[in-house]
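Take a look at the letters that make up each chain.
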Amino acid sequence: MKASIIYSSRKGTTGRYAEEIAGFLKQNGVETTTASISDYDPQSVQSADIVLLGAWTSGLFLFAQHPDKEWKKFAADFPEIQGKKLGLFTTYKTLTGSMFRNMEKHLAGKTGESHVYLKARSSQLTPENKEQLEKLIQVK
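Here's what I pulled together on the structure shown here. (Residues numbered from 1 in each chain as written. Predicted model: local features only at pLDDT ≥ 70, side-chain atom pairs only at ≥ 80, totals over all residues. Heavy atoms only, no water.)

## Observations regarding the sheet that holds strand β3 (residues 50-56)
- A sheet is described by the order of its strands in space; here five strands give the open sequence β2-β1-β3-β4-β5, paired in parallel fashion. Bordering the open sheet on either side are β2 (31-36) and β5 (114-120), each of which pairs with just one other strand. Neighbour to neighbour, the strand axes of the sheet diverge by 15° on average, direction disregarded.
- Where strand β1 (residues 2-8) and β2 come together, six bridges link them in parallel fashion. Across the sheet, residue Tyr-7 finds its bridge partner in β2, namely Ser-36.
- Against the sheet, helix α5 (residues 127-137) engages β3, β4 (85-91) and β5, with an angle of about 160° to β5. (Pairing = 2+ DSSP bridges. Helix = DSSP H or I, 4+ residues; strand = E, 2+ residues; numbered from the N terminus. Axes fitted to C-alpha atoms, helices over the stretch in contact; angles between N-to-C directions. Contact = heavy atoms within 4.5 Å.)

## As for the pattern of salt bridges
- For the coordinates displayed, the defined rule picks out two salt bridges.
- Among the ionic pairs, Asp-77 bridges to Lys-73, the shortest N-O distance being 2.9 Å. Linking Asp-77 with Lys-73, this pair stays in helix α3 (residues 69-77), spanning four residues, or about one helical turn.
- The class of Lys-73 is exposed, set by a relative accessible area of 55%.
- A salt bridge links Glu-131 to Lys-135, with the nearest nitrogen and oxygen atoms 3.8 Å apart. With Glu-131 and Lys-135 both in helix α5, this residue pair falls four residues apart, about one helical turn.
- With relative accessibility at 45%, the residue Glu-131 sits in the partly exposed group. (Salt bridge = Lys/Arg side-chain N within 4 Å of Asp/Glu carboxyl O. Buried < 20%, exposed > 50% of the residue type's maximum accessible area, 1.4 Å probe, protein only.)

Structure, rendered in structure tokens:
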């Protein structure tokens, strides 16, 4: 099984979170590539079974959460990847609110339905995150 993790990070927290996700997947036998939205290789997405897309939570503290401008441009240019397991992830300060809904809106039907939503206030995986990832990598 192969996974491709692509993220946007402003201060590095989301990038470190992506690396934590990658480390967990690798420990569980999943071949994993990790890249920022500016450095990712579209071929790594096409050859992956699992695609995880991440962005830091922008917006007001209590409402109007959304991905940053660079992630929105990335999503507009992202290739169609139907038939793959998809996960979305974010790091945040107070709330994620409408973040995942907005991420899916910007992907505009290019992906299948999301299988997991991972969120963290820091770059550390929570026990719930690990449980969600374990379910994601289980063979159908």
